[in-house]
Amino acid sequence: MGQQKQGIFYGIFAYVLWGVLPVYWKLLDTTGADIVLAHRIIWSFVFMLVFILATKRWAAFITEWKRIIRNRKTFLTISSASLVISLNWLIFIWAVQHDYVVQASLGYYINPLVSVLFAVIFLKESLSKLQTFSFIVAGIGVLYLTMNYGVFPWVSLMLAFSFASYGLLKKIASLDATFSLAIETLVVTPVALLYLWATAGISLGFSEEHVSIITLLIGAGVATAIPLLLFGSAVLYIPLSMVGFLQYIAPTFMLLLGVFLYNEPFTQAHIITFTLIWVSLVMYMFSSFQQHKKTKTVS
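This text gives an overview of the structure that appears in the document. (Residues numbered from 1 in each chain as written. Predicted model: local features only at pLDDT ≥ 70, side-chain atom pairs only at ≥ 80, totals over all residues. Heavy atoms only, no water.)

## Side note on the overall build of the chain
Heads up, the condition is: Numbering of helices and strands starts at the N terminus; helices are DSSP runs of H or I of at least 4 residues and strands are runs of E of at least 2. Based on C-alpha atoms, the radius of gyration is set beside the globule rule, defined as 2.2 Å times the residue count to the power 0.38. Each residue is placed in one exposure class: buried if its accessible area under a 1.4 Å probe, protein chains only, is under 20% of its type's maximum, exposed if it is over 50%, and partly exposed if it falls in between. Here, two residues are considered to be in contact whenever any of their heavy atoms come within 4.5 Å of each other. Under the convention used here, a 1.4 Å probe and the Shrake-Rupley method define accessible areas, while residue burial counts only the protein chains that appear. In this charge count, Lys and Arg are treated as positive and Asp and Glu as negative; neither His nor the chain ends contribute. To locate a charge, the coordinates of NZ of Lys, CZ of Arg, CG of Asp or CD of Glu are taken.
Helix and strand counts for the chain come out as twelve helices and zero strands. Overall, the chain shows an N-to-C arrangement of helices and strands of α-α-α-α-α-α-α-α-α-α-α-α. In terms of C-alpha radius of gyration, the chain reaches 20 Å, essentially the compact-globule figure of 19 Å for 299 residues. For the chain, the spread of C-alpha atoms along the principal axes amounts to about 55 × 45 × 40 Å. The burial tally for the chain puts 46% of its 299 residues in the buried class. When contacts within the chain are restricted to residue pairs at least 6 apart in sequence, long-range pairs at least 24 apart make up 86% of them. Entry remark: accessible area of the chain is about 15,200 Å², with carbon and sulfur atoms responsible for 70%. Here the chain contributes 17 positively and 10 negatively charged side chains, and the mean placements of these two sets differ by 20 Å.

Next comes the structure, spelled out in structure tokens:
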């Protein structure tokens, strides 16, 4: 029971940090999203190397890296995951800096449903009738927002589909969470360094920045890695059904930040869309619990 409480604490802490992350990127809104992304990648890689060394797992990490580069399929999968999560990070940073926090929160509400859709398409998992209906309800919500608000929620859908794609690739690669993040950032760090050198020269964009901005850019690695490491610890101690509930903490915090802190518009169309998304999620979670109870009864 003690380990489960610890796991719940880690999980809640991870999702709260993800939920308030828009505040961090808002502090960097004078720096282009592309530059922030490049620094986020580089400093995440640096932080993960330090973390691996501090936990005395360097030899295991090198062994895993050698295994991956020898296996072409695994290397291509983890490289694809690197590119997809970099795209997700870029869209999210851009969305926060351009006052689309509400759309970002919608994306992360939709994301679990997209992940399940990918599991059906690519992993041949099956859905119940209620789960299928929940997808239809969510689709109606997105369509309603598009038709009535007059704006296609591309930020929401790009975030949802890119993160779901990342999750699928991670599942296929099946790597240790710590090593996976280190290798993902390792793959794209050379690209990030070249981009910074091409756009800002040898200073990598530091020479003209204020000390506070430089500190925030370097700290982006910690802001990225800490919640991921907490999440990795949480899933060791709590069932995935509980993780499924906890994951809605992050977009809820984002929604509250967007509406109440950053005064983004939240119209009747938004209310109806979010309500339909919430209803679809409740239906999906209810059906999942029913299936889980049946499985336990049979076993």
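## Description of a nonpolar patch on the surface
Keep this limit in mind: Grouping into patches uses exposed residues only, defined as over 30% relative accessible area, and leaves out salt-bridged ones; the cut-off is 9 Å for like charges and 5 Å for nonpolar side chains (Val, Leu, Ile, Met, Phe, Trp, Tyr). Salt bridge, as applied in this entry: a Lys or Arg side-chain nitrogen positioned within 4 Å of an Asp or Glu carboxyl oxygen.
Together, Val20, Val23, Leu27, Phe253 and Leu261 make up a nonpolar patch on the protein surface, roughly 380 Å² of accessible area in all. Secondary-structure elements contributing two or more residues to the nonpolar patch are helix H1 (2-26) and helix H11 (249-261). You can see Val20 is positioned in helix H1.

## Structural notes on unusual backbone geometry
You will see that Asp99, though not glycine, has its phi angle at about 65 degrees, which is positive. The topology assignment puts Asp99 in the loop between helix H4 (72-97) and helix H5 (101-122). Since its relative accessible area comes to 43%, Asp99 is described here as partly exposed. Even without a glycine there, the phi angle at Ser174 is positive, about 50 degrees. Mapped onto the elements, Ser174 comes out in the loop between helix H7 (154-173) and helix H8 (177-200).

## Some words on H11
Our working rule: To estimate the expected span of a helix, subtract one from its residue number and multiply by 1.5 Å.
Across its 13 residues, H11 extends 17 Å between first and last C-alpha, which sits within 8% of the 18 Å expected from 1.5 Å per residue. Listed as buried for H11 are Ile249, Ala250, Pro251, Met254, Leu255, Leu257, Gly258 and Val259. Where H11 ends, the next residue or the one after it, Asn263, has phi of about 55 degrees, a positive value.

## Looking at the packing of aromatic side chains
Just so we agree on the cut-off: Paired rings are identified among Phe, Tyr and Trp, the last through its six-membered ring, by centres lying within 6.5 Å, and are further divided according to the angle between planes into stacked (under 30 degrees), edge-to-face (over 60) and tilted (the rest). Any Lys NZ or Arg CZ found within 6 Å of a ring centre and within 35 degrees of that ring's normal is scored as a charge over the ring.
Following the criterion strictly, the structure yields 21 aromatic pairs and no others. Ring centres of Trp94 and Tyr100 lie 5.5 Å apart, and the angle between their planes is 15 degrees; on these two criteria the pair is classed as stacked. In this structure an aromatic cluster arises from ring pairing among Tyr109, Tyr248, Phe266, Phe274 and Trp278. In this structure, Arg40 packs its charged tip against the face of Trp89, placed 4.2 Å from the ring centre. Here the guanidinium or amino end of Arg57 rests over the ring plane of Phe179, the centre of that ring lying 4.4 Å away.

## Quick look at the side chain of Lys26
Formally: Here a polar contact is recorded for every N or O atom pair within 3.5 Å, except that within protein the pair must consist of a potential hydrogen donor and a potential acceptor, and residues adjacent in sequence are included only if both atoms are side-chain atoms.
Take Lys26: it is sitting in helix H1. Of note is the side chain of Lys26, whose polar atom sits 3.1 Å from the backbone oxygen of Val96. Polar side-chain contacts of Lys26 include one of 2.5 Å to the side chain of Asp99. Apart from the residues within four sequence positions on either side, Lys26 is in contact with Val96, Gln97, Asp99 and Tyr262.

## Topic: H7
The terminal C-alpha atoms of H7, which comprises 20 residues, lie 28 Å apart, in line with the 28 Å expected from a rise of 1.5 Å per residue. Of the residues making up H7, those classed as buried are Val155, Ser156, Leu157, Leu159, Ala160, Ser162, Ala164, Tyr166, Leu168, Leu169 and Ala173. Just past H7, the residue Ser174 takes up positive phi, approximately 50 degrees.

## Here we look at the environment of Lys73
In this fold, Lys73 is placed in helix H4. The exposure class of Lys73 is exposed, given its relative accessible area of 61%. Residues Lys73 and Ala173, spaced 100 residues apart in sequence, show a C-alpha to C-alpha distance of 8.6 Å.

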